[in-house]
Amino acid sequence: MRSKSGVGIVAAALVAVAAVCLPAPANADTGTTRYLVEYSAGNAAQAKASINAVGAKIVTDLGKHNAAAVLVAKSKIEVLRASRGITWIEPDVERYPMSQSVPYGITLTQADQIKAPNPGNKKVCIIDSGLYTGHEDIPKNVTGDSDPGGAGPWNVDGLGHGTHVAGTIAAVNNDLGVIGVNPGVNLHIVRVFGDNGDWAYSSSLVAALDKCVAAGSNVVSMSLGGPTASYIEQKAFDSANKKGLLSVAAAGNDGNTRTSYPAGYASVMSVAAVDSANAHASFSQRNRDVEISAPGVAVKSTVPFVSTSTVTVNGNTYSGTNVEGSASSAGVTGALVDGGLCQSSGAWTGKVVLCKRGTNTFADKVAKVQAGGGTAAVIFNSDPTSLSATLNGTSTIPAIALNGTDGNTLLSLTSGSPSATVVNQVTRPASGYESWDGTSMATPHVSGIAALLWSCAPTKTNTDIRNAIDQSAKDLGSAGRDTSYGYGLIQAKAALVKLNGGTC
């Protein structure tokens, strides 16, 4: 679980990134696996003879590139790799048609059951880390303000948090990436966090709220928070509420009963997180202020970067995520060894060290590998789900994170100390997509749906919208409102029926 301790008044409402490992595709009839084989220039005949000698079959000849795609038994890969004229072997990895996917939160919240004819008649103000406006899936009807505290231009987002939030709300309904709960809604961005995710002050949040009001916003979305209430801040939100603004904030990711602010103010909706099975997320706060729940586990949305973070062992490539803050590398190689929890440094000079999640922080694990002379750190989750992490700092070695399944597969190989190559490259800015966990991810579902409902019933008040959401929620957990789910899972269509009979 990825935790951004800096994103918020004191602490962020953000955790985790997900990725999927795509193993080399196997041929079910022959038991062989498809690989790309490169040979030295002018040595095609010898290379093809070597391929035939191990019983492999050429399926695509790429002679112009001194290469070929072959079907070969895994047991013969190392023999072929050592054959005369062969210079490189790698999995012939899959490529897919680029198309739009529908995040599970869209259907889980019934957002797909409402077709608003004029979503642009309402505006959501996002107070966060800015927005990468050049993203292919971000709408163009966006305005913004930068915080007087100097966080940076509103239309730049080196952190990615604000862009992820914006995509959940309003990602365009096109042939790319994902779709938001309310595509077409107007967005106003107020940036209060810098690219390093450092905390902002309560005064910055109040100033940002004022900018939202001045921009004519209807809903304020805040995937942020901190443990201490502020009298002046509370008055500001109370005032905005009286002016007709609906404020929505993350309940927090500490997994305890502490209240986070501004979510804890009566004039603000506090949003908890559930997974795709409607189960309360373990990291999500539980307290009497929790009002509503929304999807917050493995939520796929837009990010302003594209990362390639892989480890290749015995010809198989496992895809993970960049450990934020770690060094970039086009490829470092070393013997794969088991570092356990990586709580102390070992004799790891020149080695790729496998670290299991748990006990100590991600930063400490990478620091221990670095101190032990390791060439790269590979951290894997304690369960089958994918993992992402941040150092809240930097390292001089690359570090990537894997899901528990792939991590345990690699762990089973460490007894032989096979050669491992780690690639860790991040391209910024770029139109990327990642799945993250957190009440930060749940909050924009509620913000976007609130604006969607309001666009269908433009004469209703913020109180009407809030009451309709609460009264129509899918009850989860204990009957009635409880501290984990609040009133339950937000249901867009049911809320619209409650609001005006379901007409849009």
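*Asks:* What's the story with helix H11 (residues 492-500) in this structure? I'm lost.
*Replies:* Three- or four-residue spacings in an α-helix give side chains the same orientation, since the helix completes a turn every 3.6 residues. Within H11 the residues assigned to the buried category are Ala492, Ala495, Leu496 and Leu499. Along the long axis of H11, the arc covered by the buried residues comes to 100°, so they all point the same way. At its buried positions, H11 is contacted by helix H9 (439-456) and helix H10 (462-472). Taken from the residues just after H11, Gly501 is the one with a positive phi, measuring 90°.

*Asks:* Help me out: how do you make sense of the packing of helix H5 (residues 202-214) against helix H6 (residues 231-242) in this one?
*Replies:* Each packed pair of helices is defined by two parameters, the angle between the axes and the distance between the axes. One can describe the packing of H5 onto H6 by two numbers: an axis separation of 10 Å at closest approach and a directional angle of 15°. As the angle between them shows, H5 and H6 are arranged roughly parallel. The two elements H5 and H6 cross, and the hand of that crossing is left-handed. Residues Ser202, Leu205, Val206, Leu209 and Val213 of H5 touch H6, and the partners they reach there are Glu233, Ala236, Phe237 and Ala240. For the contact of H5 with H6, a count of residues per class yields seven nonpolar, one polar and one charged.

*Asks:* Explanation requested: the sheet that holds strand E4 (residues 57-62) in the structure shown.
*Replies:* Backbone-to-backbone hydrogen bonds join strands into a sheet, with any given pair of strands oriented parallel or antiparallel. A sheet is described by the order of its strands in space; here four strands give the open sequence E4-E5-E3-E6, paired in antiparallel fashion. Bordering the open sheet on either side are E4 and strand E6 (86-91), each of which pairs with just one other strand. Strand after strand, the sheet turns through a mean of 25° between neighbouring axes, direction not considered. The pairing of strand E3 (residues 33-39) with E6 spans five bridges and is classified as antiparallel. The residue of E6 that forms the bridge with Leu36 is Glu90. Where helix H1 (residues 44-53) meets the sheet, it contacts E3, E4, strand E5 (67-72) and E6, and its direction lies at approximately 155° from that of E4.

*Asks:* Can you help me understand the side chain of Ser129 in this one?
*Replies:* Tracing the sequence through the fold places Ser129 in the loop between strand E7 (123-128) and strand E8 (142-146). Of note is the side chain of Ser129, whose polar atom sits 3.4 Å from the side chain of Asp128. Beyond its immediate stretch of four places on either side in the chain, Ser129 contacts Val156, Asp157, Leu159, Gly160, His161, Gly162, Arg191 and Phe193.

*Asks:* Just to check I follow, could you spell out the pattern of salt bridges for this structure?
*Replies:* Enumeration according to the criterion identifies seven salt bridges in this entry. Two residues, Arg34 and Asp92, come together in a salt bridge whose shortest N-O distance is 2.7 Å. Of this pair, Arg34 sits in strand E3 while Asp92 sits in the loop between E6 and helix H3 (104-108); the two residues are 58 residues apart in sequence, bridging distant segments of the chain. For Arg34, a relative accessible area of 29% puts it in the partly exposed group.

*Asks:* What is the right way to read the environment of Lys140 from this model?
*Replies:* With respect to the helices, strands and loops of the structure, Lys140 is situated in the loop between E7 and E8. Sequence separation between Lys140 and Gly184 is 44 residues; the distance between their C-alpha atoms is 9.2 Å.

*Asks:* Looking at this model, I keep getting lost on the nonpolar core. Mind explaining?
*Replies:* Across soluble globular proteins, nonpolar side chains have a tendency to be buried as a group. Within the largest apolar cluster, 48 residues are counted, with the highest numbers of intra-cluster contacts made by Leu187 and Leu453. When residues in this core are grouped by element, the largest group, nine residues, is from H9. Ignoring any residue separated from it by four or fewer positions in sequence, one finds Leu187 in contact with Lys123, Val124, Ile126, Pro139, Asn141, Val142, Thr143, Ala166, Ile169 and Ala170. Judged by nonpolar contacts, the second largest core, of 23 residues, contains Ile127, Val206, Leu209 and Tyr265.

About the thresholds
Along each chain, the written sequence defines residue order, and numbers are assigned to residues from 1. Per-residue local features of the predicted model are confined to residues with pLDDT of at least 70, and side-chain atom pairs are confined, for both listing and counting, to 80 or more; whole-chain, interface and lining totals are unaffected and use all residues. The side-chain numbers reported here are obtained from all heavy atoms of the structure, hydrogens and water having been left aside. Each residue is placed in one exposure class: buried if its accessible area under a 1.4 Å probe, protein chains only, is under 20% of its type's maximum, exposed if it is over 50%, and partly exposed if it falls in between. Comment: elements are numbered from the N terminus, with helices defined as DSSP H or I runs of at least four residues and strands as E runs of at least two. The reported arc concerns the directions from the helix axis to the C-beta atoms and nothing else. In this description, contact between two residues means that some pair of their heavy atoms is separated by no more than 4.5 Å. Structural elements are reduced to axes, namely lines fitted to C-alpha atoms, with helices fitted over the stretch in contact, and the angle between N-to-C directions of any two is expressed from 0 to 180 degrees. Angles below 35 degrees are treated as roughly parallel, those above 145 as roughly antiparallel, those between 65 and 115 as roughly perpendicular, and all remaining angles as oblique. Crossings are sorted by hand: turned counterclockwise from the far helix by less than a right angle, the near helix makes the crossing left-handed, and turned clockwise it makes it right-handed. Any residue outside Ala, Val, Leu, Ile, Met, Phe, Trp, Tyr, Cys, Pro, Asp, Glu, Lys and Arg is labelled polar, Gly included; the first ten of those are nonpolar and the last four are charged. Here the rule is simple: two strands pair whenever DSSP picks up at least two bridges between them. Distance and chemistry together define a polar contact, namely a pair of N or O atoms within 3.5 Å, with one atom able to donate a hydrogen and the other to accept it when in protein, and with adjacent residues in sequence counting only for side-chain atoms on both sides. We define a salt bridge as a contact between a side-chain nitrogen of Lys or Arg and a carboxyl oxygen of Asp or Glu at a distance within 4 Å. Residues belong to one nonpolar core when they are buried, are Ala, Val, Leu, Ile, Met, Phe, Trp, Tyr or Cys, and are joined through side-chain atoms within 4.5 Å.

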